[in-house]
Protein chains: 2
Amino acid sequence: MARQNIYDNEIFFEGYKKIRENEANANDLFEIPTLFSMLPDLKGKSVLDLGCGFGEHCTRFVASGAEKVVGIDISERMLEVARKENSAPEITYLNMPMEDISQLSEHFDVVVSSLALHYVEDFADVIRNVYDLLEKGGVFIFSQEHPLCTCHSGGDRWTRDENGNKLHVNIAHYGVEGERELVWFVDHVKTYHRTFSTIMNTLIQAGFTIEEVIEPLPTEELLKHYPQYEDLFHKPDFMLVRVCK
Amino acid sequence: MARQNIYDNEIFFEGYKKIRENEANANDLFEIPTLFSMLPDLKGKSVLDLGCGFGEHCTRFVASGAEKVVGIDISERMLEVARKENSAPEITYLNMPMEDISQLSEHFDVVVSSLALHYVEDFADVIRNVYDLLEKGGVFIFSQEHPLCTCHSGGDRWTRDENGNKLHVNIAHYGVEGERELVWFVDHVKTYHRTFSTIMNTLIQAGFTIEEVIEPLPTEELLKHYPQYEDLFHKPDFMLVRVCK
C-alpha cells in the first residue's frame, strides 16, 4: 500500500508553506472555519488530529479546552515546525502515517482530519480504525477535497470565455474511482478520488451515523472582499463531514 | 407554492410514455433495478409510493408480498392508466400531489419515491411529512435525478470531440440551488436543484438515519450491450438514497 509522504519533499514543502501564509487562501476562508464550526464542545475532551501538519489546529483544540491532543503526521518535516510553533503540555506529536493508527492504544472523544484523507488509498481501512479508536458517542469530523475536484484526471479543469472568466468546470470520470496524479508544486502528487456515495457508504458500513455534510460556499459579504471565490458556486473546493459513533 | 402537474400535459404525456416503452432506457437499466435492490422484505408490509405514475412499481410491491399499497400521483391522467393496467385489491390510487401527504391518516412501513422528488420545490416539508407517516423503524427509499444533472441551467450539457464523442460534462451553478426550467418534450418543465449536502442534511434534520446512497453506474457486461451508457462514468444520471426512521 502506497503511503505518500509528499510533504517531506523540499520544493513541495516550501510551496505549500507559502500558500498557507497567504491570508486570502481557500483553507483559511472556507475549510478551517467550517471545520471548527462542526466541532463539539472540546472542554475536557481528548482529540486525535490525523494529518496535523504544522499543528495549528492542535493549538486551537487546546485553547478550546481539550485536555489531551495527539497530532499525527507522516511528515517529520511538518512536525518539526509543529513542535517549534505549536507545542503545549497537552499536545503530543507523533510521526505516523494515518494508515497506522490502529497501533495507537488510547481512545479519543473526537477525531479530526483536515484535508488529508484524499491522500489515502485505503479509505475504508482508515475509517474502520477511526471508528475503533473513538469512544462510544465520539465524533469524527473531516474535510477533504470535494469529489468534483478529486475526480479531475488531466486536461483543462475550467472552460473560460475570451476574457478568461470561468464559464463552467469540465467534469470527466467522476464515476471512475482511484488514483489521480497531479502537479501541485511538484510532479506526481497522488490523490485518490472517491464518489460521494462511496464516502457516505464507507462511513455507514464502518458503523458511523452521518450527522452533517457541508460543501462550503462564499457568503455575499465574503464575495465583496474576495470576488475570485465566485467560482465555488460552480464547483465547491471542499467537502466536510461529521459522523458519530 | 408551485405544484407542477406537467404529466397531465398531453404532449409531455405522450413523449414520456414513448421513452418508458423503449426497452433500453436508463430508468429500466439503472434506476429501477437499483431502487428495488434497496427495498427491504415487503412481506406483510404497507407501502406508500410517492409519484406512482402508471403504477408499475405498485404491482411489483404487491407481487413481493406487500399487504397494502397506496400510490399517489398529481396526474389523474397517469392514474387512469395505473387503474387500468396495474390494479389489484391491495392497491389504492389517490390523485394527490406529494406536497399534500400530511392529509393521509394512515402510517406506512415503507415509503418509496421513484424520480419524482426533483419536481418538488419544498423538499424539507415533504421529507418531514414522510418521516411523520412512517412507522418507527420504517424505511424511505427514493431516487432522483443526480445533482450533477439537476444543477444544469442551460447551454450545452456536454463538450464533444469532432466525432461527437462526449469528452466531459459542463458543470455550472452546482452551488446555486432552486428552480431550473428545462425543455423535456415541452417547454418550461420545472425541476429543483439541491446539492448533495442539502439532500443529506435535510434528511438528517427530519430525524432520519442515512443507510445507503447509490449513484448507479453500468457494469462491464451491460456496457457490451449498451455502450452508449459509458457516459455515466462522467456523470451519473441518478442518485438513490435509503434512510430509516
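Everything below is about the structure shown above.
Residues numbered from 1 in each chain as written. Chains lettered and ligands numbered in written order. Predicted model: local features only at pLDDT ≥ 70, side-chain atom pairs only at ≥ 80, totals over all residues. Heavy atoms only, no water.

Engineer: Can you walk me through the interface of chain B and chain A in this structure?
Structural biologist: Where interface size is given, it is often the accessible area lost as the parts come together that is meant. Each partner contributes residues to the interface: chain B has 30 residues there, and chain A has 30 residues. Summing the contributions of chain B and of chain A, the shared interface buries around 2,300 Å²; its carbon and sulfur component is 62%. At the junction of chain B with chain A, the criterion picks out 0 salt bridges. Along the contact surface separating chain B from chain A lie 16 residue pairs in polar contact (both at pLDDT 80 or more). The dominant element in the side of chain B that touches chain A, judged by the number of residues it contributes, is strand E10 (residues 209-214) of chain B, at 6 residues. Residues belonging to the side of chain B that touches chain A are distributed by class as follows: 16 nonpolar, 11 polar and 3 charged. With 3 bridges connecting them, strand E7 (residues 166-171) of chain A and strand E7 (residues 166-171) of chain B associate as antiparallel partners. Bridging from a neighbouring strand, Asn170(A) pairs with Asn170(B) of E7(B). (Contact = heavy atoms within 4.5 Å. Buried area = accessible area lost by both parts, 1.4 Å probe. Salt bridge = Lys/Arg side-chain N within 4 Å of Asp/Glu carboxyl O. Polar contact = N/O pair within 3.5 Å; in protein donor to acceptor, adjacent residues only side chain to side chain. Helix = DSSP H or I, 4+ residues; strand = E, 2+ residues; numbered from the N terminus. Nonpolar A, V, L, I, M, F, W, Y, C, P; charged D, E, K, R; others polar. Pairing = 2+ DSSP bridges.)

Engineer: Looking at this structure, how should I read helix H5 (residues 123-133) of chain B?
Structural biologist: Within an α-helix, residues lying three or four positions from one another point in the same direction, as the helix has 3.6 residues per turn. Three or more residues of H5(B) are buried, namely Phe123(B), Val126(B), Ile127(B), Asn129(B), Val130(B), Tyr131(B) and Leu133(B). Those residues of H5(B) that are buried lie in contact with strand E1 (46-50), strand E4 (108-114), strand E5 (134-145) and helix H7 (196-206) of chain B. (Buried < 20%, exposed > 50% of the residue type's maximum accessible area, 1.4 Å probe, protein only.)

Engineer: Looking at this model, I keep getting lost on the sheet that holds strand E3 (residues 91-95) of chain B. Mind explaining?
Structural biologist: The pairing of strands in a sheet comes from backbone hydrogen bonds and takes either a parallel or an antiparallel form. Residue and element names in this part refer to chain B. An order of E3-E2-E1-E4-E5-E11-E10 is seen for the 7 strands of this open sheet, with the pairing classed as mixed. This sheet does not close on itself; its edge strands, each paired only once, are E3 and E10. Taken over all neighbouring pairs, the strand axes of this sheet differ in orientation by 15° on average, direction set aside. Bridge analysis of E1 against E4 gives 3 bridges, and the strand direction is parallel. (Axes fitted to C-alpha atoms, helices over the stretch in contact; angles between N-to-C directions.)

Engineer: Please explain H7(B) as it appears in this structure.
Structural biologist: Residue and element names in this part refer to chain B. Counting buried positions along H7 gives 9 out of 11 residues, so the element sits mostly inside the fold. Those residues of H7 that fall on the buried side of the exposure criterion are Phe196, Ser197, Ile199, Met200, Asn201, Thr202, Leu203, Ile204 and Ala206. Looking one or two places after H7, you find Gly207, whose phi comes out positive at around 115°.

Engineer: I would appreciate a short explanation of the pattern of salt bridges in the present structure.
Structural biologist: Once their charged atoms are close, side chains differing in charge can pair, the charge on each being opposite to the other. For the coordinates displayed, the defined rule picks out 18 salt bridges over all chains. One salt-bridge network, in which partners are shared between bridges, spans Glu211(A), Glu212(A) and Arg242(A).

Engineer: Could you clarify how one ought to interpret the relation of the copies chain B and chain A in this entry?
Structural biologist: Rotating chain B by 180° about the axis while translating it 0.0 Å along that axis superimposes it on chain A, leaving an RMSD of 0.0 Å. Put plainly, the chains are arranged around a two-fold axis. Within chain B, Asn170(B) has its C-alpha nearest the rotation axis, a separation of 2.6 Å. The residues that chain B uses at the interface reappear at the interface of chain A in 100% of cases, marking a shared surface. (Least-squares fit on C-alpha atoms with pLDDT ≥ 70 in both.)

Engineer: Can you walk me through the side chain of Asn25(A) in this structure?
Structural biologist: Residue and element names in this part refer to chain A. By secondary structure assignment, the location of Asn25 is in the loop between helix H1 (10-21) and helix H2 (26-37). Asn25 sits in the buried class, given a relative accessible area of 8%. Here Asn27 takes part through its backbone nitrogen, which lies 2.8 Å from a polar atom of the side chain of Asn25. There is a polar contact of 2.9 Å between the side chain of Asn25 and the backbone nitrogen of Asp28.

Engineer: What is the right way to read the sheet that holds strand E6 (residues 158-160) of chain A from this model?
Structural biologist: Across the sheet, 4 strands lie side by side as E6(A)-E7(A)-E7(B)-E6(B); this open sheet has antiparallel pairing. A single partner strand is all that each edge strand has here, and the edge strands are E6 of chain A together with strand E6 (158-160) of chain B. Averaged over all pairs of adjacent strands, the angle between strand axes in this sheet comes to 35°, irrespective of strand direction. Across 3 bridges, the pairing between E6(A) and E7(A) is antiparallel. Counted as the bridge partner of Trp158(A) is Val169(A) from E7(A).

Engineer: Looking at this model, I keep getting lost on the nonpolar core. Mind explaining?
Structural biologist: Looking at soluble globular proteins, one finds that nonpolar side chains tend to be buried together. Among the nonpolar cores identified, the biggest contains 80 residues, and Phe140(A), Leu203(A), Phe208(A), Phe140(B), Leu203(B) and Phe208(B) are the most heavily contacted of them. One finds Ile32(B), Val139(B), Leu223(B) and Cys244(B) within the second-largest nonpolar core, a separate group that totals 36 residues. (Core = buried A, V, L, I, M, F, W, Y, C linked by side-chain atoms within 4.5 Å.)

Engineer: Please clarify how the packing of aromatic side chains should be interpreted in this entry.
Structural biologist: Centre-to-centre distance and the angle between the planes together describe a pair of aromatic rings. Overall, the coordinates contain 16 aromatic pairs over all chains when judged by the stated rule. Residues Phe196(A) and Phe196(B) carry aromatic rings whose centres are separated by 3.9 Å and whose planes lie at 15° to one another, so their mutual orientation is stacked. A residue pair is termed interchain when its members come from two chains, as with Phe196(A) in helix H7 (residues 196-205) and Phe196(B) in helix H7. A relative accessible area of 1% means that Phe196(B) is categorised as buried. Between Phe36(B) and Phe61(B), the ring centres sit 5.6 Å apart and the planes meet at 35°, which makes this aromatic pair tilted. Pair noted here: Phe36(B) is in helix H2 (residues 26-37) and Phe61(B) is in helix H3 (residues 56-63), with a separation of 25 residues, a long-range link. The same class applies to Phe36(B) and to Phe61(B), which are both buried. An aromatic cluster is present here, built from Phe123(A), Tyr131(A), Phe140(A), Phe142(A) and Phe208(A) joined pairwise through their rings. For Arg60(A), the ring lying beneath its charged end belongs to Phe36(A), and the centroid distance is 3.6 Å. (Phe/Tyr/Trp six-rings, centres within 6.5 Å; stacked < 30°, edge-to-face > 60°. Lys NZ or Arg CZ within 6 Å of the ring centre and 35° of its normal.)

These figures come from the coordinates and say nothing about function on their own.
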